[in-house]
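# Working through the structure, step by step
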Amino acid sequence: KEEINVPLASSLKTKQDTPKDFWWWLKIALYTVGVLLGQSAALLLGRLYFLKGGNSKWMSSVVQVLGFPVLIPFYIFITMKEGQKGVAIDDTLGAIYASLGLIIGLNCFLYSVGLQNLPVSTYTLLCASQLAFNSFFSYFINGQKFTPFVVNSLVLLTISSVLLVFNKDDTSSSSTAPAISRVKYIIGFLCTLTSSALYGVVLSVTQFVFTRVVKRQTFKQVMEMIITENVVASVVTVVGLFASGEWRSIDREMDAYRLGTVPYLMVLIWIAVFWQMFSIGAVGLIFEVSSLFSNSISAVGLPIVPIMAVFFFNDKMNGIKGVSMALAVWGFVSYVYQYYVDGQKSDKKTLDEASS
C-alpha cells in the first residue's frame, strides 16, 4: 500500500551504469528487506488488529499514514547534503499533492474496510488488481500502449479477482477467525477493489506529474511528494476518526482487546512503523536503482502475504485461491516484463544518442 505513493517505472530514468561496490549492494539489500518486510508485516498486523477485537476502521486508516514524521529526518539530511532549500512547492503542485492526499486518505479507509471483512490472503490477492487498474488509467492519462504483455496482465489479474467472488470458504469460520457474512464479504470485496482502482489513478497521475509538470525527479522531490500527501491523508483520516464518533469507543476497545491493552497499542504503533519502513525502502530503491525495480519488489511481495496468512491466521488455501494466486503471479511477471522491455529500449536509445 503506502506502497503506496511510488510513481511508475516509466516516470524515472534508470541511473547511469557505474561500478557498484559492496556498500551499494548492501543498501539495495536493506531497502529490499524494508519493502518486503514492511508491506507483509503491516498487512498481517492490520488483520490481527481486527481479529483480536479492533473495530475502528478509521483508527486502522490513521496508522497507515500517521507515521510519516519518521521520513522527515531523511528529507532534512538529503536537503542539507545537496545544499538545497527546503520545500518549495508551487500552487499547482500543492493542489495536485493535496488532491492525491485526499484520495490516499479515502483509500486507507476503503482498504481498512476490506481488511476488516476479508481474510488477509483474499484481501492481498485483490490488491493485485491495482496493476491492472494502473495500466488502464495510464492508457488515458499517460498514453501507455496496450502491448500483448500488458493485455495479458490485465486479463490474468481480472480473472484472478473474479475467481475470488466464488470462494465460499472465506465466509466460513476457522479456529482463529469468526465466520464472515456474505454481505460483509461483498462489502469488503467491493471496497478493496474500489481502493485498488483509486490507487491506480494515484499512480497514473503521479507519473503524469513527474513527466509533464515537474519534468525531473530527485530523491528530495520524491520525499516532498510522499510527506505532503501523507500530511493531507493524515488530516483526512483523523477528521474521519472524530467525525464518525469512533474515537469515543477507543478506550473501551483498548480495554476489551483480547491480547491486552499494551499489545493493542503496540499493534497500532508497529503498523505505522512498518508502513513507513515500506515507504523508506521503496523510495530508496527508486533513488538507487529505478522505480521499475522498486515496483517489481513490491509486486513480488504481495503473494508472500497469503502464504504467511495460512500459517499465522489459518486462512484456507483452497483450489480457487491457489489458482487465483497463480494467475496473479503470472500477471505480475507479464506486467513487470513489459517494463523491463521498455527499459531496455530506453537504455539502447540513450546509448545510440550518446554515440551519435
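Position numbers for residues count from 1 along each chain, tracking the sequence in the order it is written. For a predicted model such as this one, the threshold for reporting local features is a pLDDT of at least 70, and the threshold for listing and counting side-chain atom pairs is 80 or more; totals across whole chains, interfaces and linings nevertheless cover every residue. Each side-chain value is derived from all of the structure's non-hydrogen atoms; neither hydrogens nor water enter the calculation.

An unreviewed UniProt entry lists the protein under the name Probable purine permease, with Linum tenue given as the organism. UniProt positions are given in the numbering used here, feature names are shortened, and annotations may be inferred rather than shown by experiment. UniProt, in the comment section headed Sequence similarities (unreviewed entry), describes the protein in these words: "Belongs to the purine permeases (TC 2.A.7.14) family."

## Considering the packing of aromatic side chains
Note on aromatic contacts: the rings of Phe and Tyr and the six-membered ring of Trp form a pair at centre separations within 6.5 Å, being stacked when their planes are under 30 degrees apart, edge-to-face when over 60 apart, and tilted otherwise. Overall, the coordinates contain ten aromatic pairs when judged by the stated rule. Ring geometry for Tyr49 versus Tyr264: centroids 6.0 Å apart, planes at 45 degrees, classification tilted. Placement of Tyr49 in helix α1 (residues 22–51) and of Tyr264 in helix α11 (residues 261–288) is noted, with a sequence separation of 215 residues between them. Both residues of the pair, Tyr49 and Tyr264, belong to the buried class. Each helix is a run of DSSP H or I of at least 4 residues and each strand a run of E of at least 2, with the numbering of both proceeding from the N terminus. Exposed residues in this analysis have more than 50% of their type's maximum accessible area, buried residues have under 20%, and partly exposed residues fall in between, with area computed by a 1.4 Å probe over protein chains only.

## Concerning the environment of Leu285
Locating Leu285 in the fold gives a position in helix α11. Residues Leu285 and Ile28, spaced 257 residues apart in sequence, show a C-alpha to C-alpha distance of 6.6 Å.

## A closer look at helix α13 (residues 304–312)
Val305, Pro306 and Ala309 are the residues of α13 that are buried. Each buried residue of α13 sits inside an arc of 100 degrees when the element is viewed along its axis, so together they form one side. This arc corresponds to the set of directions leading from the helix axis out to the C-beta atoms.

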